[in-house]
Amino acid sequence: MAIRLNCRYLDRFVSEEDLKAIAPEVDRARGFLYENRDKALGNKYHGWLTLPRDYDKEEFSRIKAAAAKIRKDSKALVVIGIGGSYLGARAAIEFVRSKNYNLLAKDEPRVYFVGNSISPTEIGEVLSLCRDVDFSVNVISKSGTTTEPSIAFRLFKKLLEEKYGKKDAAGRIYVTTDKERGTLKALADAQGYQTFVVPDGVGGRYSVLTAVGLLPIAAAGVDIDALMAGAAASMEKYAAHALEDNDCYRYAAIRNILYRKGKKIEMLVSYEPDHTLMNEWFKQLFGESEGKDGKGLFPASVIYSTDLHSMGQYVQQGERHLIETVVTFDEPKSDIVIEADADNADGLNFLAGKTLSYVNRKAFEGTILAHTDGNVPNIVIEVEKMDAYNLGELFYFFEKACAVSGYILGVNPFDQPGVESYKKNMFALLGKPGYEELGEELRARLG
C-alpha cells in the first residue's frame, strides 16, 4: 500500500483501551459523513467524499486542454486565489515537481501565486515578471468578491488587456468560480472567459481535486490522471467501517485521544523541503476545520533537519503540549552518494559510499527516538514516494481524517464563521459603503 500509518512510537501515549473507548465516537462521526445523522454539526459540503470517482469527466478533459494551451502559449501562469483556492495547487506542484519549480522550468510556464496577500511588494514583483513575457491568468473565487484575489485580478487583467487588447486577453483568462451565480461568473460570461466550476458540495479547503487545484497543477506538468487515481485508491482503501481496519480513522482517533490527554499543538513534520507547502495546506485544512468553539489542536509545521536547529530545543525540552505527525517517504526523488575526501578535514569519511537519503533517514530515526524519549508522541505516516499518485492518496487521507476528527471533537468541520470577523473590520476601516458606523468605532479604538 502506498500510505501506511505507523503507530509503533505511540505505545507509551495511546493504549488499545484508549482506541476501544473512542471507537463508538469514530463510528458516530462516520455516520455524520455518510448517513447525515446529525444536522446540528453540519452535514453539508460532503461532495469531496466521492469526488475521486464521481468528478465531472467532461470538465476534466477541458482542464487538460486548457492546461495544454497554457503550456504552449504562455511563459507564465498567474494563479490568483487565497486559502483553499491556491494552497493545494501550490503544494502539489512543489510536492511532485520541486519547491524550485520556477527556477528549474525552461520550456514550461512558470507558475506564480498571487491574491493571497495584499503586499504591494509581492504583487508588484509578479507584475514586473509578467510584463515582458507571454502569460495567462487563472483567477479562482467562488463569489468573485473576496478582497485579496479581487484586487490582484483587477491589476493582472489590466496588464493583460494593455498587452494583448481586450479580445485576445480574454483568451488568456481562465476563471474558476460558481457554476451559476456570483460577480466573477457574471463577468466571465460577459467577457467570454473560459470557466471552470467550484462545486457547491465542496468547501474551499477540500477543493484541491476539483478545477480549483487541477488546472494550475496540470499547467505545471503534473499528471492529474495519476493524481485522481491515487485519490480514488485512497477513497476505496479508507471506506472500511471498523476502526481497526481503517488507518484514516485511527489517525483521527489518535489525534483526539492525545488532545484529551492535554496535548494542544500538532506539528506536521517532513524531512523533505518539497513538502513545505503541503504543511501549509495541512494547517489550513485542520485549523479552519477544527479551530472553533474554543476547541482544537493548533496545527503547526516544521521541516527537519532544518528546524531542528531552531525548534529542536523547544520540542525536546519545552512544555509537553506537543504531538508530531511525521510524513516520511520510502524513495527519494533523486539521490547523491557521498564520496571520500583525501584530507578528511571535516571528519566525514565514515559516511563515504553512503547516500544522502540514507543520512536523512538516520536523522529521522535519531530524532524520533529522542523526541519520544522526551515525551513527545509521534505518529508516522509512511508514503512510498513523492509522485502524483501518492499525493492523490495523501490528499484524500488527510481530508477524510480531518472531517472525522472534527466530528469526534464535536464541531462542524465544514464551516469557518470566525474568518468573517477580520473582513468586517477591514471593510469598515477602508470605508466600504454600509460599514460607516463600525468604521468610526474601530478608528476610535485604534486611536
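Use the structure listed above.
Residues numbered from 1 in each chain as written. Predicted model: local features only at pLDDT ≥ 70, side-chain atom pairs only at ≥ 80, totals over all residues. Heavy atoms only, no water.

Caption draft 1: Main features of the overall build of the protein. A tally of helices and strands in the protein yields 18 helices and 10 strands. Radius of gyration (C-alpha) of the protein: 23 Å, near the 22 Å computed for a compact globule of 447 residues. A burial count over the protein gives 51% of its 447 residues as buried. Counting contacts in the protein only where the partners sit at least 6 residues apart, residues at least 24 apart contribute 77% of the total. If you sum the accessible surface of the protein, you get close to 20,200 Å²; carbon and sulfur atoms cover 51% of it. (Helix = DSSP H or I, 4+ residues; strand = E, 2+ residues; numbered from the N terminus. Rg over C-alpha atoms; globule rule 2.2 N^0.38 Å. Buried < 20%, exposed > 50% of the residue type's maximum accessible area, 1.4 Å probe, protein only. Contact = heavy atoms within 4.5 Å. Areas by Shrake-Rupley, 256 points an atom, 1.4 Å probe, with all protein chains shown as cover.)

Caption draft 2: Up close: empty space enclosed by the protein. One pass over the structure, following the stated rule, counts 1 cavity of 30 Å³ or more. Volume-wise, the largest cavity comes out at about 30 Å³. Surrounding the largest cavity, Arg255, Asn256, Tyr259, Glu290, Leu297, Ser405 and Leu409 form its lining. Listed by contribution, the elements that provide at least two residues to the lining of the largest cavity are helix H12 (247-260) and helix H16 (388-409). With 3 residues, H12 is the single largest residue contributor to the lining of the largest cavity. (1 Å grid on protein atoms, 1.4 Å probe; cavity = no way out; pocket = protein on both sides within 12 Å on 5 of 7 lines; lining within 4 Å. Points joined across faces, edges and corners; volume = space filled by probe spheres on them.)

Caption draft 3: Molecular detail of the packing of helix H6 (residues 120-131) against helix H7 (residues 147-164). Their axes nearest at 11 Å, the elements H6 and H7 cross at an angle of 20°. Between H6 and H7, the crossing angle belongs to the class labelled roughly parallel. Seen along the crossing, H6 lies across H7 with a hand that is right-handed. For the pair formed by H6 and H7, the contact residues are Ile123, Val126, Leu127, Cys130 and Arg131 on the first element and Leu155, Phe156, Leu159 and Lys163 on the second. Here the residues of the contact of H6 with H7 are counted per class, giving 7 nonpolar, no polar and 2 charged. (Axes fitted to C-alpha atoms, helices over the stretch in contact; angles between N-to-C directions. Parallel < 35°, antiparallel > 145°, perpendicular 65-115°, else oblique. Left-handed = near helix turned anticlockwise from the far one by under 90°. Nonpolar A, V, L, I, M, F, W, Y, C, P; charged D, E, K, R; others polar.)

Caption draft 4: Quick look at the layout of surface pockets. Taken as a whole, the largest pocket spans an internal volume of roughly 860 Å³. Taken together, 35 residues form the lining of the largest pocket, with Ile82, Ser85, Gly204, Glu288 and Gln416 sitting closest to its centre. Counting only elements with at least two residues in the lining of the largest pocket, the list comes to helix H13 (276-290) and helix H17 (420-430). The element that contributes the greatest number of residues to the lining of the largest pocket is H13, accounting for 4 residues. Across the lining of the largest pocket, the residue classes break down as 13 nonpolar, 14 polar and 8 charged. Within this model, the second largest pocket holds a volume of roughly 320 Å³. In terms of lining, the second largest pocket is formed by 13 residues, of which the most central are Arg90, Glu94, Asn102, Val111 and Phe113. Tallied by class, residues from the lining of the second largest pocket come to 6 nonpolar, 3 polar and 4 charged.

Caption draft 5: Looking closely at the pattern of salt bridges. Counted according to the given criterion, the structure contains 32 salt bridges. With a closest N to O distance of 2.7 Å, Lys69 and Asp73 form a salt bridge. Of this pair, Lys69 and Asp73 are both found in helix H3 (residues 57-73), 4 residues apart, which corresponds to roughly one turn of the helix. Between Lys292 and Asp415 there is a salt bridge; the shortest N-O distance is 2.9 Å. Taken together, the positions of Lys292 in the loop between H13 and strand E8 (298-303) and Asp415 in the loop between H16 and H17 put the pair 123 residues apart, joining distant regions of the chain. For Lys292, a relative accessible area of 10% puts it in the buried group. (Salt bridge = Lys/Arg side-chain N within 4 Å of Asp/Glu carboxyl O.)

Caption draft 6: Highlighting helix H4 (residues 87-96). For H4, the tally of buried residues reaches 9 of 10 residues, placing the bulk of the element in the interior. When H4 is considered as a whole, its buried residues turn out to be Leu87, Gly88, Ala89, Ala91, Ala92, Ile93, Glu94, Phe95 and Val96.

Caption draft 7: Fine view of the environment of Lys362. Topologically, Lys362 is positioned in helix H15 (residues 356-373). Judged by its relative accessible area of 37%, Lys362 falls in the partly exposed class. Of the polar contacts made by the side chain of Lys362, one reaches the side chain of Glu365; its length is 3.0 Å. (Polar contact = N/O pair within 3.5 Å; in protein donor to acceptor, adjacent residues only side chain to side chain.)

Caption draft 8: Up close: the packing of aromatic side chains. On inspection of all chains with the given rule, the structure shows 22 aromatic pairs. Between Phe32 and Tyr407, the aromatic rings sit 4.9 Å apart at their centres with planes inclined by 75°, giving edge-to-face as the arrangement. Of this pair, Phe32 sits in helix H1 (residues 16-35) while Tyr407 sits in helix H16, placing them 375 residues apart in sequence. Each member of the pair, Phe32 as well as Tyr407, carries the same accessibility label: buried. Aromatic rings pair up to connect Tyr238, Tyr251, Trp281, Phe282, Phe286, Phe395, Phe397 and Phe398 into one cluster. When the ring centre of Phe427 is taken as reference, the NZ or CZ atom of Lys432 above it lies at 4.1 Å. (Phe/Tyr/Trp six-rings, centres within 6.5 Å; stacked < 30°, edge-to-face > 60°. Lys NZ or Arg CZ within 6 Å of the ring centre and 35° of its normal.)

Caption draft 9: Structural context of the pairing of strand E5 (residues 173-177). Most of E5 sits inside the fold, with 5 of its 5 residues counted as buried. The two faces of E5 match: Ile173, Val175 and Thr177 on one face and Tyr174 and Thr176 on the other face are all buried. Direction of pairing for E5 relative to strand E6 (residues 194-197): parallel, over a ladder of 4 bridges. Note that in E6 the partner of Tyr174 across the bridge is Gln194. Since E5 and E6 lie parallel, the crossover through helix H9 (residues 183-191) that links them has a hand, and here it is right-handed. (Pairing = 2+ DSSP bridges. Right-handed = clockwise from strand over helix to strand, strands pointing away.)

Caption draft 10: Molecular detail of the side chain of Lys263. Position of Lys263 relative to the elements: it lies in the loop between H12 and strand E7 (265-270). Engagement of the side chain of Lys263 in a polar contact is seen with the backbone oxygen of Arg320, the distance being 3.0 Å. In this structure, Lys263 is in contact with Leu258, Leu297, Arg320, His321, Leu322, Ile323, Asn375 and Pro377, ignoring residues within four places of it in sequence.

Caption draft 11: Quick look at the sheet that holds strand E9 (residues 322-331). With respect to topology, 5 strands assemble into an open sheet ordered E1-E10-E9-E7-E8, the strand pairing being mixed. In this open sheet, the two edge strands, each paired with only one partner strand, are strand E1 (3-6) and E8. Within this sheet the neighbouring strands show an average axis-to-axis angle of 20°, counted without direction. Here E7 pairs with E8 via 6 bridges, running parallel. Across the sheet, the residue bridging to Glu266 is Pro299, located in E8. In the packing of H15 onto the sheet, the strands contacted are E9 and strand E10 (378-385), and the crossing angle to E10 comes to about 165°.

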